[in-house]
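Letter by letter, the chains look like this.
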Amino acid sequence: CCKRMLGLEYEFKPGGFLGVECSGRHTMVSVCCAGINPAVLLPAVQTLTAPDSKADLLHIWPGLASRLASMEAALPPAPPPRPSAADKLGSSAEKGRERGEERPLRRVQLIVGVDEVDRLKGIPLKLHAYRQLLREHPPLRGKVVLAQVGLMQAYTPVGGHSLSTQAALDELRALTKEGRSRAGSANSALASPPISPAAKGGKGNHLMPPAGSKKSKRSSQSGSEVAGSAVLHLPDSVHLEIRLLVEAINSEFPDSVWYTEALTLSPEQRAPLWAEADVALFTCVREGVNLLPLEAAFVAGTARRQRIESQGRANSQPPSTIVLSEFSPAALTLNGSFRINPWSKEKSAQMIGRALKTDVSERDARAAKDLAYSADRTASAWSQQVCTDLKKGRRHDSAQWTAVGFGLNVRMVGMGLHFQPLNTAAVTKAYRASEHRLIFLDWGGTLIPIDLPFYDQRTDDIASASAAAKSAAGLIPPATLQTLRELAEDKNNFLMVLSGLTRDKVDQAFGSARSVACAAEHGFWYRLKAGQGAQAGGSDGWQTNYADRQMTWYEVAAAILDVYTARTAGTYVTKKGSSLTWKFDDADPEFGAMQAKELHHQMEQVLGSWNDVHINTGKGYLEVGPRDINKGSMVDFICQRQTELRGCPPDFILCIGDDSADEFMFSKLQARYPHAAETGLQLFTCTVGRKPSTAQFYLPDHERVVELLMSMRLQSAGRAKYFSVAGDLKNLSSMGEQVGGGGGSIGGRASNSSLAGMGSLGEGRSSMHDNSTKGVGGRLGSN
């Protein structure tokens, strides 16, 4: 549902949760099955199993008990039980019965079904399977009864049109009569009067009360039999189909189906059915929450235990066996039940026959498993679990919550109290006051928009890239590249651009700016700024700290990925110098995820001997690469290297990124400099976009990042211009001193005007030492 119908990404989380990503919000979905309330059912079971109880099947359902008694009397006398092996050896019969070898007390077996009269509950499918069972197993005829209770649905109609209960009953009788008349020509056996539980002596809130009774009169007058103004929902075709099937089966196999209808059944009415049943049968084709299978398991198991304690094992009715449709939610929780496909009547009949023939020891084992689950997973435990999960998902006071989005996409985003917008004025001020600066920048999504064409990484062949990506201008704007170049050329700066792309694409974008240091493939390859370090990687300047890593796994992993790519439509492999990525986000959602899970398992088995290989499955991709290689490791390496090179730690660090791969940089810098403010270090970690992050600050988009870099570039340019003017004036001052010192020798041969000019230069020297550009210009102009 999440992936195919809604198109949402999900992942499994510890604790049995399902994490769903929707509109930037991470929602945790918990699957917690609802349970029954044993405190409500236990009194009914205790009353049922008490000595001389009037809450048993005979008193609550006399019509069904009479049917069972008449069929039992029609059977031939039962032969005496054959002695067991234990009896032949002289052991007592009680010991044999303790081993589960006793025979059931009732020879006519009972199949019970309690369902709403609805097409999705599958009552017609149940009747078809039951008739198929009797046809295929003649010995069962006359020895098994299907007791089916149909619960009619009460609802309040929309629009204000209200029908009384008596009008609904009249409509039901008319429909039944019409159906019987249509089928009368084909089968005269269907002309029998409709089944009435009142005529059978049944109790309960039935739809067809005895004529002339008080209940019938109340129904005729005001319809108060149904609570409030609710009326009966009569699914005409399903109801008629059930009636016709019941009459047809009873015509073919007399007295084999006992059918009744009721609005509701109390726990006292349901308990005798579950306790006396040999098989509890549920054949829904689609259903939501239905606690009746759990209730049947609890009542049958509890009644069995209490009867063994009070009456002994030999005199107690064996527990019922539950047969569940595989479409029922309870089929996944009741492990002791038999599962069937109700659409296949042959296989359903076969499984029902197997359940009827199950011996007592297997019945006890299956009932014990189902009783343990139904007694433990109660309604109170379910509600407590839901409340606990809700408590875990509440807002934390330590976070700042902000509404983000518009219209239906509004969501609450929680961020730490320290997470503030980046103050660009404070950054430029700290930049201007510092002397040893480190600047770390992500590429895609930070310096440029992330939706450029070169991000389709199906191939590393640059010649096959689009026209927009063939030039550096298509990869990064010229103005941004010039800003980076000027920042990197400052002798107090070390600027590095880190990317997850291949070094060829990084070189294509930043090859002309050799003063900019670069890292490719999350730090596996790096290139220092021109003039720094040995170029161990060759003439192109690229080098790696992982040259001693064994890459023999690369070809093995590539061969496995090629096999899965051929078997899974819509997938492709991205090959980098240090890693392989299998992309399956364009494949069928379920099949792609299934293949990725199987591929992950196979990779772990095949590549298990390589301890330095990491396999990571993310949203729509599976990546195989060296372990512990990320942007955080590269940033830590550069910090250590620059500290050793300059002989002092940096006093300004700016780190900006936009995705999860950049979180390693933020975490590593904060771990390396935990007390940055106390040591005089100005540390700024910033993420692009307002979202939860380990960074201290955020900027709204990549354009603000470029504006900040341009402001820093102006600071570097202004400082360079300042030192340039100061240097020229210092040289001019030195020249004035030389001229003034030789004035005596020159003055004897020079004119008075020349000496006056030299005097002016000598006087201008004091102004030059004051670094007053305006004063120097004025004196030079007057001379």
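Procedures and definitions
- Residues numbered from 1 in each chain as written.
- Predicted model: local features only at pLDDT ≥ 70, side-chain atom pairs only at ≥ 80, totals over all residues.
- Heavy atoms only, no water.
- Helix = DSSP H or I, 4+ residues; strand = E, 2+ residues; numbered from the N terminus.
- Contact = heavy atoms within 4.5 Å.
- Areas by Shrake-Rupley, 256 points an atom, 1.4 Å probe, with all protein chains shown as cover.
- Pairing = 2+ DSSP bridges.
- Axes fitted to C-alpha atoms, helices over the stretch in contact; angles between N-to-C directions.
- Expected span 1.5 Å × (residues − 1).
- Buried < 20%, exposed > 50% of the residue type's maximum accessible area, 1.4 Å probe, protein only.
- Core = buried A, V, L, I, M, F, W, Y, C linked by side-chain atoms within 4.5 Å.
- Parallel < 35°, antiparallel > 145°, perpendicular 65-115°, else oblique.
- Left-handed = near helix turned anticlockwise from the far one by under 90°.
- Nonpolar A, V, L, I, M, F, W, Y, C, P; charged D, E, K, R; others polar.

A.B. asks: Describe the overall build of the protein chain, naming the residues involved and giving the relevant values.
C.D. replies: A tally of regular secondary structure across the protein chain gives 26 helices and 25 strands. Put simply, 67% of the contacts in the protein chain that link residues at least 6 apart link residues at least 24 apart. Accessible surface for the protein chain amounts to roughly 39000 Å². Of this, 55% is attributable to carbon and sulfur atoms.

A.B. asks: Could you give an account of the sheet that holds strand β11 (residues 338-340), with specific residues and numbers?
C.D. replies: If you walk across this open sheet you meet the 6 strands as β8-β5-β4-β9-β10-β11, and the pairing is parallel. Strands with a single pairing partner mark the edges of an open sheet, and in this sheet they are β8 (257-262) and β11. Strand-to-strand twist of the sheet, defined as the mean angle between neighbouring strand axes without regard to direction, takes the value 20 degrees. Judged from the 8 bridges that link them, strand β4 (residues 109-116) and strand β5 (residues 144-151) form a sheet pairing that is parallel. When the sheet's bridge partners are listed, V114 is paired in β5 with V149. Lying over the sheet, helix α10 (residues 267-276) contacts β4, β5 and β9 (279-282), oriented at roughly 140 degrees with respect to β4.

A.B. asks: Describe helix α11 (residues 292-311), with residues and values.
C.D. replies: For α11, which comprises 20 residues, the first-to-last C-alpha distance of 27 Å matches the rise-based estimate of 28 Å (1.5 Å per residue) to within 8%. Here α11 lies mainly inside the structure; 15 of its 20 residues are buried. Just downstream of α11 lies G312, where phi reads positive at about 95 degrees.

A.B. asks: Give me the lowdown on the nonpolar core, citing residues and values where you can.
C.D. replies: W61, L64, V114 and W274 are the most contacted members of the largest nonpolar core, which totals 44 residues. Those residues within four positions of V114 in sequence are excluded, and the remaining contacts are Q148, V149, L151, L265, L273, W274, F282 and L292.

A.B. asks: Run through the packing of α10 against α11, naming residues and quoting values.
C.D. replies: It is at 8 Å that the axes of α10 and α11 come closest, and there the two elements cross at 70 degrees. Between α10 and α11, the angle falls in the class roughly perpendicular. Crossing of α10 against α11: the hand is right-handed. Here R270, A271, W274, A275 and E276 of α10 come into contact with α11, specifically with L292, E295, A296, V299, A300, A303 and R307. Classifying every residue of the contact of α10 with α11 by side-chain character gives 8 nonpolar, no polar and 4 charged.

A.B. asks: How would you explain the pairing of β5 if you had to name every residue and give the values?
C.D. replies: The buried count for β5 comes to 8 of 8 residues, which makes it a mostly enclosed element. The alternating pattern of β5 places V144, L146, Q148 and G150 on one face and V145, A147, V149 and L151 on the opposite face, and all of these are buried. Examined bridge by bridge, β5 and β8 share 6 bridges and lie parallel to one another. For Q148, the partnering residue across the bridge sits in β8 and is Y259.

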